[in-house]
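What follows is the residue order along each chain.
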Amino acid sequence: MLNDIYWNLDPVLFSAGPFTVRWYGIAYVAGFVCAALLIWRLAKRWRIRVDADALLTIMFCVIIGVVAGGRLGYVLFYGNGLEFYLQNPLEVLAFNHGGMSFHGGLVGALLAGIAAAKMTGIPYLTLADLGCVAAPIGLFFGRLANFVNGELWGGPTDLPWGVVFGGAAGTMPRHPSQLYEALLEGVLIFAVLFMLSRRLPPRPRGTFLGVFLIMYGCCR
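Below is a short write-up of the structure. (Residues numbered from 1 in each chain as written. Predicted model: local features only at pLDDT ≥ 70, side-chain atom pairs only at ≥ 80, totals over all residues. Heavy atoms only, no water.)

### Notes on the packing of aromatic side chains
Given two aromatic rings, one states the distance between the centres and the angle between the planes to describe the pair.
No. 1: Under the definition given, this model contains 12 aromatic pairs.
No. 2: Pairing Y6 with W7 gives two aromatic rings, centres 5.3 Å apart and planes at 80 degrees, and the pair type is edge-to-face.
No. 3: Since its relative accessible area comes to 8%, Y6 is described here as buried.
No. 4: Within the aromatic cluster, the residues linked to one another by ring pairs are Y6, W7, F147 and F165. (Phe/Tyr/Trp six-rings, centres within 6.5 Å; stacked < 30°, edge-to-face > 60°. Buried < 20%, exposed > 50% of the residue type's maximum accessible area, 1.4 Å probe, protein only.)

Now the structure itself:
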């Protein structure tokens, strides 16, 4: 059944001439929008002053950090090699050739948070905590998009929910590890962090960053 669902999915949502919208891009947009809404709500609950301008500043910095860091991480560690990109520099911007690296995106977001903290006057660890509660939502959408794209598949399996991804994955059924990660990195981590965020006053600064990193490492 899951295999049939996969083969009926198209990575491209729609095309209009040279303009193409992919589910992968929609996943990023949905993740950022949901993260912004959650950060706004949490900031009010934690009695942290985050007005519309501050929220836009935070999200702008995070988007730049995630996209730039994620793509650079892919180019450096998963792409075609540094020599290839030096000879073809425009390929660095070709997001449809390869993708993004979570580790690079995480580093980029943490570095961008430094700039956001200085511009908004919000303590860095407080911003990091807010972002870490929201991050699993983006991970959830991203892993679903990985499944639609047929990438990051798991090992061979004879379980009934195995999926034949084709291409480099071959013709044997494989674990849909993208969906496992969507449930663990997305749903599970979010549930734990959101539950912890309900406490008033807020927990010590850096708590959510630490819990997120530990849980992500275990789930991954």
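### Observations concerning the pairing of strand β2 (residues 19–22)
No. 1: Of the strand pairs in this sheet, strand β1 (residues 12–16) and β2 are connected by 4 bridges, and their pairing is antiparallel. The residue bridging S15 from the neighbouring strand is T20, located in β2.
No. 2: Counting the residues between successive antiparallel strands, the hairpin from β1 to β2 contains 2 residues, one of them, G17, with a positive phi of roughly 65 degrees. (Pairing = 2+ DSSP bridges. Helix = DSSP H or I, 4+ residues; strand = E, 2+ residues; numbered from the N terminus.)

### Looking at the nonpolar core
No. 1: If you look at the biggest cluster of nonpolar residues, it comprises 37 residues, and the most contacted ones within it are V50, M59, L127, I189 and F212.
No. 2: Taken together, the elements giving at least two residues each to this core come down to α2 (23–45), α3 (52–77), α5 (102–120), α6 (124–149), α7 (177–197) and α8 (207–219).
No. 3: With 8 residues, α6 is the largest single contributor of residues to this core.
No. 4: Apart from the residues lying within four places of it in its own chain, the contact partners of M59 are F32, A35, A36 and I39.
No. 5: If you look at the next biggest cluster of nonpolar residues, it comprises 5 residues, including Y6, F147, V163 and F165. (Core = buried A, V, L, I, M, F, W, Y, C linked by side-chain atoms within 4.5 Å. Contact = heavy atoms within 4.5 Å.)

### Concerning the packing of α3 against α5
No. 1: At a closest axis distance of 7 Å, the pairing of α3 and α5 adopts a crossing angle of 155 degrees. With respect to each other, α3 and α5 are oriented roughly antiparallel. Crossing geometry of α3 relative to α5 is assigned as right-handed. Of the residues in α5, those touching α3 at A54, T57, I58, C61, V62, G65, V66, G69, G70 and G73 are G104, G105, G108, A109, A112, A115, A116, M119 and T120.
No. 2: Considering only residue class, the contact of α3 with α5 consists of 10 nonpolar, 9 polar and no charged. (Axes fitted to C-alpha atoms, helices over the stretch in contact; angles between N-to-C directions. Parallel < 35°, antiparallel > 145°, perpendicular 65-115°, else oblique. Left-handed = near helix turned anticlockwise from the far one by under 90°. Nonpolar A, V, L, I, M, F, W, Y, C, P; charged D, E, K, R; others polar.)

### What to know about α7
No. 1: Taking 1.5 Å of rise per residue, 21 residues should cover 30 Å, and α7 covers 28 Å from first to last C-alpha, within 8% of that figure.
No. 2: Buried residues of α7: S177, Q178, E181, A182, E185, G186, I189, L193, L196 and S197, and no others.
No. 3: Close packing links the buried residues of α7 with α2, α6 and α8. (Expected span 1.5 Å × (residues − 1).)

### Overview of the side chain of T126
No. 1: Position of T126 relative to the elements: it lies in helix α6.
No. 2: Contact partners of T126, with chain neighbours within four places excluded, come to I48 and R205.

### So, the pattern of salt bridges
No. 1: Evaluation of the coordinates by the stated rule reveals 3 salt bridges.
No. 2: Among the salt bridges present, the one from E185 reaches R143, with a minimum N-O distance of 3.0 Å. Of this pair, E185 sits in helix α7 while R143 sits in helix α6, placing them 42 residues apart in sequence. The two residues E185 and R143 agree in class, both being buried. (Salt bridge = Lys/Arg side-chain N within 4 Å of Asp/Glu carboxyl O.)

### As for a nonpolar patch on the surface
No. 1: On the surface, a nonpolar cluster with roughly 700 Å² of combined accessible area is contributed by L72, L76, F77, Y78, L82 and L86.
No. 2: For the nonpolar patch, the secondary structure elements donating two or more residues are α3 and α4 (82–87).
No. 3: Element by element, the count of residues in the nonpolar patch is highest for α3, at 3 residues.
No. 4: Within the secondary structure, F77 sits in helix α3. (Patch = residues over 30% accessible without salt bridge, like charges linked within 9 Å, V, L, I, M, F, W, Y side chains within 5 Å. Areas by Shrake-Rupley, 256 points an atom, 1.4 Å probe, with all protein chains shown as cover.)

Everything listed here is a matter of coordinates, which is why it stays silent on function.
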